[in-house]
Amino acid sequence: MYSSALAATSGKTTAYGSRLFVYEVAGLSQNTDNDSLDYPIRRSGSVFITVPYERMNQEMRRITRMGGRIVSIKPLDAETPLKPTSNRSSEAEVAQPQQSKSNPTEKKRKPMTQAKTKVPVNIYKPKDPFIGKCIENYPLVAEGGSGIVQHLTFDLSGGDLHYLEGQSIGIIPPGTDDNGKPHKLRLYSIASTRHGDKGDDKTVSLCVRQLEYQHPETNETVYGVCSTHLCNLEVGADVAITGPVGKEMLLPDDEDANIVMLATGTGIAPFRAFLWRMFFEKHEDYKFKGKSWLIFGVPYTANILYKDKLEEIETNYPDNFELTYAISREQKNSEGGRMYIQHRVAEQAEKLWTMLQDPKTHLYMCGLKGMESGIEEGLSPFAAKQGVEWSDFVKKLKKEHRWHVEVY
Ligand code: FAD
């Protein structure tokens, strides 16, 4: 397997590949229960960690996650000049040591602070995708549910693909299309936090539904190219990944924000990432204190993806998380019809409306096309009662960057 990512970061092919840097880190405690952080802590409270160039970003994120603050970064050989990093577009976009533009002599004098993490985009492009490996592929639909939905995790080791919650990656299925051209990429919302399901910043996870439909003319069953490829992917198989992309569905940094999430089916993917970041991971710089509310539409109880974990959060964090299901084939709406997400929204209109008046509340929706009009159907009559035109209200939320939609 050839991985351009390996080439881009290997010690032989970059200017710094074999260089070592020393991070001086404050604020770490040695009794952290987190992985392998067992560096000697000096009386000054600082820890000195030697990091190979190619792991600088990952290590920086890991340190931040564990509550550490990088006080300075120096090349192990203090005379080593610091130059720009690799030519990948991501390098300028993520938290970086400040070396790239500054003068190396100045560098030795000034302590380094961590730059604010920016949104990484298109680190890997379709012409030169990252080749990851599938390390997990398991079903999410319980017995009696409809369709096939898989949770997949890919190993990103050896590359520099990193991402934020709410972004998507592209997958290029192998083979060619009907015109003999290589298949185009398909986008999938990332279902893991920036630290990945293994917590080591080296994986990305997806939640993929196999597309299956009856051909309208021949009535034959047709299976989607990429979703079938992914759902059947064997552990150990290679997968061509592009991205990450997307800035629409990012989770605000504000720990006090209120997050309303409306999902149908695999639309749960970005919200899994949000909820895992809010409730399952521990961060020094992000401790969620707002209210979050997931309204999740599925056909059957067996189709409630990640059900146990969602209910675990509901049990453990009753003040910060609310969970509402709309189970269309099992529950009835007030008119006796199927219970879709818009019916739950209508039932909860007053509470949702009140929440949305708070400038700290963000509304996210992800999943089936048409959701947006369903939500309008559920909320606009309530808005009208308050004398507010729904379209004006949505415009206001969009302007305030509080209205986030990803439908497909
Ligand atoms: P293809 O082989 O490309 O077939 C799709 C085509 O089949 C359609 O273009 C249409 O022409 C035809 N078709 C589909 N349904 C019917 C029908 N009922 N009747 C007739 N023709 C039909 N998917 C997920 O599973 N999980 C995700 O998290 C996810 N996130 C996404 C995020 C974004 C931003 C976007 C844009 C899409 C996302 N998708 C997600 C959808 C995903 O990108 C693919 O579109 C999906 O997996 C189908 O791709 P495929 O290659 O399997 O199907």
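Residues numbered from 1 in each chain as written. Predicted model: local features only at pLDDT ≥ 70, side-chain atom pairs only at ≥ 80, totals over all residues. Heavy atoms only, no water.

This brings us to the state of the cysteines. Evaluation of the coordinates by the stated rule reveals zero disulfides. Here Cys134 stays free of any disulfide, with the sulfur of Cys231 as its closest cysteine sulfur at 11 Å. Looking at the unpaired Cys226, the closest cysteine sulfur is the one in Cys231, lying at 9.3 Å. Since its relative accessible area comes to 2%, Cys226 is described here as buried. (Disulfide = S-S within 2.5 Å. Buried < 20%, exposed > 50% of the residue type's maximum accessible area, 1.4 Å probe, protein only.)

Further remarks concern the domain arrangement of the chain. Here the chain is partitioned into domain 1 (17–75), domain 2 (112–245) and domain 3 (258–407). In this assembly, eleven residues from domain 1 lie in contact with nine residues from domain 2. Carbon and sulfur atoms supply 44% of the area buried between domain 1 and domain 2, which totals about 920 Å² over both sides. Inspection of the domain 1/domain 2 interface yields zero salt bridges. Broken down by secondary-structure element, the contributors of at least two residues to the side of domain 1 that touches domain 2 are α2 (56–65) and β3 (69–75). In terms of residues, the side of domain 1 that touches domain 2 owes the most to one element, α2, which gives six residues. The residue inventory of the side of domain 1 that touches domain 2, partitioned by class, reads four nonpolar, three polar and four charged. (Domains from an automatic or database assignment. Contact = heavy atoms within 4.5 Å. Buried area = accessible area lost by both parts, 1.4 Å probe. Salt bridge = Lys/Arg side-chain N within 4 Å of Asp/Glu carboxyl O. Helix = DSSP H or I, 4+ residues; strand = E, 2+ residues; numbered from the N terminus. Nonpolar A, V, L, I, M, F, W, Y, C, P; charged D, E, K, R; others polar.)

Here the focus is empty space enclosed by the protein. Considering all chains together, one arrives at one cavity of 30 Å³ or more under this definition. By volume, the largest cavity amounts to about 30 Å³. Taken together, Arg61, Leu161, His162, Tyr163, Arg194, Asp201, Lys202 and Thr203 make up the lining of the largest cavity. For the lining of the largest cavity, the residue count by class is two nonpolar, two polar and four charged. (1 Å grid on protein atoms, 1.4 Å probe; cavity = no way out; pocket = protein on both sides within 12 Å on 5 of 7 lines; lining within 4 Å. Points joined across faces, edges and corners; volume = space filled by probe spheres on them.)

Attention now moves to helix α5 (residues 269–280). An ideal rise of 1.5 Å per residue puts 16 Å on twelve residues; α5 measures up with 15 Å between its terminal C-alpha atoms. Among the twelve residues that make up α5, eleven are buried, leaving the element largely enclosed by the rest of the structure. (Expected span 1.5 Å × (residues − 1).)

This brings us to the site of the ligand. Surrounding the ligand, one finds 16 residues, the nearest of these being Arg186, Leu187, Tyr188, Cys226 and Ser227. The side chain of Tyr213 places a nitrogen or oxygen atom 3.3 Å from an oxygen atom of the ligand. At 2.7 Å from an oxygen atom of the ligand is found a main-chain nitrogen or oxygen belonging to Cys226. In the complex, the protein chains occlude 64% of the 1,000 Å² of accessible area that the ligand would expose alone. More than half of the atoms of the ligand fall within 2 Å of the grid points belonging to the largest pocket. Elements represented by at least two residues in the shell around the ligand include exactly β7 (186–189), β8 (203–209) and α4 (225–231). If you tally residues by element for the shell around the ligand, the top one is β7, at four residues. (Near = heavy atom within 4 Å. Polar contact = N/O pair within 3.5 Å; in protein donor to acceptor, adjacent residues only side chain to side chain. Areas by Shrake-Rupley, 256 points an atom, 1.4 Å probe, with all protein chains shown as cover. Sits in = over half its atoms within 2 Å of the grid points.)

A volume near 1,200 Å³ is recorded for the largest pocket. Around the largest pocket, the lining comprises 47 residues; the ones closest to its centre are Arg209, Gly265, Thr266, Leu368 and Tyr408. Those elements that place two or more of their residues in the lining of the largest pocket are β7, β8, α4, β13 (292–298), α7 (341–347) and α9 (371–385). Formed jointly, the lining of the largest pocket draws a minimum of three residues from each of two domains, domain 2 (112–245) and domain 3 (258–407).

The subject of this paragraph is the pairing of strand β12 (residues 258–264). Here is the key point about a regular strand: its side chains alternate between the two faces of the sheet. The element β12 is extensively covered by neighbouring structure, given that seven of its seven residues are classed as buried. Of the two faces of β12, the one carrying Asn258, Val260, Leu262 and Thr264 and the one carrying Ile259, Met261 and Ala263 are both buried. Sheet topology places β12 next to strand β15 (residues 361–367); six bridges connect them, and they run parallel. Its bridge partner lying in β15, Val260 is registered against Leu363. Across six bridges, the pairing between β12 and β13 is parallel. Its bridge partner lying in β13, Met261 is registered against Leu294. Running through α5, the crossover from β12 to the neighbouring parallel element β13 is right-handed. (Pairing = 2+ DSSP bridges. Right-handed = clockwise from strand over helix to strand, strands pointing away.)

Here we come to the packing of α5 against helix α6 (residues 307–316). Closest axis-to-axis distance for the α5/α6 pair is 11 Å, and the angle between their directions is 40°. In terms of orientation, α5 and α6 fall into the oblique class. At the point where α5 passes α6, the crossing takes the left-handed sense. Listed contacts from α6 to Leu275, Trp276, Phe279 and Phe280 of α5 are Lys309, Leu310, Glu312 and Ile313. Within the contact of α5 with α6, the residues separate by chemical class into six nonpolar, no polar and two charged. (Axes fitted to C-alpha atoms, helices over the stretch in contact; angles between N-to-C directions. Parallel < 35°, antiparallel > 145°, perpendicular 65-115°, else oblique. Left-handed = near helix turned anticlockwise from the far one by under 90°.)

Counting residues in each nonpolar core, the largest one holds 35 residues, and the members touching the most others are Phe271, Leu275, Leu294 and Phe296. Secondary-structure elements contributing two or more residues to this core are β12, α5, β13, α6, β14 (321–327) and β15. With seven residues, the single largest contributor to this core is α5. In this structure, this core is formed jointly by two domains, domain 2 (112–245) and domain 3 (258–407), each of which donates at least three residues. Residues contacting Leu275, with those up to four places away along its chain left out, are Met261, Phe280, Ser292, Leu294, Leu310, Ile313 and Phe321. Listed in part, the 24 residues of the second largest apolar core include Ala349, Met371, Ile375 and Val405. (Core = buried A, V, L, I, M, F, W, Y, C linked by side-chain atoms within 4.5 Å.)

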